[in-house]
Amino acid sequence: MSLFSTTFQTIENGISYASQKQQTVAQNIANVDTPNYKSKKVSRTSEFRDLLHNELEAYQTDSKHIPFSGSSQRVITQQGNTSYQANGNNVDMDKEMADMAENQIYYEALVDRLNGKFNSLQTVIRGGN
């Protein structure tokens, strides 16, 4: 039996993802004028599959059903099939800035939730006062 719920681990994984995404977006923005640079993207689909697999018991009754297994590693993929600039670079600054803003909101929500969990623990330790 775990002393705490899996919430802390889930929040930690989310913050780790947000950090990796922030670094990837910052790298894309820093290379906006680099010839032939191709933007990168962080993927976390397999992490959700693992979360579903751990939280829900599911049975795959048909081969066409989506399996509930996969790796929990995030994957950074290079977006190499487009080019927005004459020098072969495909960094779209508007998209990168939007991704950065979205990631910031996601990170702040996770930190807020983590603070709420710690405040709840503090209340319990103090005996409800």
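Procedures and definitions
Residues numbered from 1 in each chain as written. Predicted model: local features only at pLDDT ≥ 70, side-chain atom pairs only at ≥ 80, totals over all residues. Heavy atoms only, no water. Helix = DSSP H or I, 4+ residues; strand = E, 2+ residues; numbered from the N terminus. Buried < 20%, exposed > 50% of the residue type's maximum accessible area, 1.4 Å probe, protein only. Contact = heavy atoms within 4.5 Å. Salt bridge = Lys/Arg side-chain N within 4 Å of Asp/Glu carboxyl O. pLDDT = per-residue confidence, 0-100. Axes fitted to C-alpha atoms, helices over the stretch in contact; angles between N-to-C directions. Parallel < 35°, antiparallel > 145°, perpendicular 65-115°, else oblique. Left-handed = near helix turned anticlockwise from the far one by under 90°. Nonpolar A, V, L, I, M, F, W, Y, C, P; charged D, E, K, R; others polar. Polar contact = N/O pair within 3.5 Å; in protein donor to acceptor, adjacent residues only side chain to side chain. 1 Å grid on protein atoms, 1.4 Å probe; cavity = no way out; pocket = protein on both sides within 12 Å on 5 of 7 lines; lining within 4 Å. Points joined across faces, edges and corners; volume = space filled by probe spheres on them.

Turning our attention to the overall build of the protein. Counting secondary structure elements, the protein contains three helices and two strands. Shown N-terminal to C-terminal, the secondary structure of the protein runs as helices and strands in the order α-β-α-β-α. Looking at the protein residue by residue over its 129 residues, the buried ones come to 21%. Look at the contacts in the protein between residues 6 or more apart in sequence, and 74% of them connect residues 24 or more apart.

Taken as a whole and assessed by the stated rule, the structure comprises one salt bridge. Between aspartate 99 and lysine 95 there is a salt bridge; the shortest N-O distance is 2.7 Å. With a gap of four residues between them, aspartate 99 and lysine 95 both fall in helix 3 (residues 93-125), about one helical turn apart.

This part is about the confidence of the model for the protein. In the predicted model, the protein carries a mean pLDDT of 80, and 76% of its residues have values of at least 70. Confidence, read as mean pLDDT per element, is least for helix 2 (residues 45-55) in the protein (54) and greatest for helix 3 (93).

Relative to the helices and strands, lysine 40 resides in strand 1 (residues 40-43). With a relative accessible area of 24%, lysine 40 lands in the partly exposed category. A C-alpha to C-alpha distance of 6.7 Å links lysine 40 and asparagine 28, two positions 12 residues apart in sequence. Residue contacts for lysine 40: discarding those within four places in its chain leaves Thr24, Gln27, Asn28, Ile76, Thr77 and Gln78.

What follows is about the packing of helix 1 (residues 7-30) against helix 3. In contact at an axis separation of 9 Å, helix 1 and helix 3 are set at 155° when each is read in the N-to-C sense. By the angle between their directions, the pair helix 1 and helix 3 is classed as roughly antiparallel. Our pair here, helix 1 against helix 3, has a crossing hand that is left-handed. Per-class residue counts for the contact of helix 1 with helix 3 are 17 nonpolar, five polar and five charged.

A word on the environment of aspartate 99. Owing to a relative accessible area of 16%, aspartate 99 belongs among the buried residues under this scheme. The spacing of aspartate 99 and lysine 21 is 78 residues in sequence and 8.8 Å in space, taken between C-alpha atoms. Ignoring any residue separated from it by four or fewer positions in sequence, one finds aspartate 99 in contact with Lys21 and Val25. Within polar-contact distance, the side chain of aspartate 99 engages the side chain of lysine 95 at 2.7 Å.

The calculated volume of the second largest pocket comes to roughly 280 Å³. Around the second largest pocket sit 17 residues that line it, and Lys41, Gln79, Lys95, Glu96 and Asp99 are the ones nearest its centre. Among the elements of the structure, helix 1, strand 1 and helix 3 are those that each provide at least two residues to the lining of the second largest pocket. For the lining of the second largest pocket, the element with the most residues is helix 1, which contributes four residues. A breakdown of the residues in the lining of the second largest pocket according to their chemical character gives three nonpolar, seven polar and seven charged.

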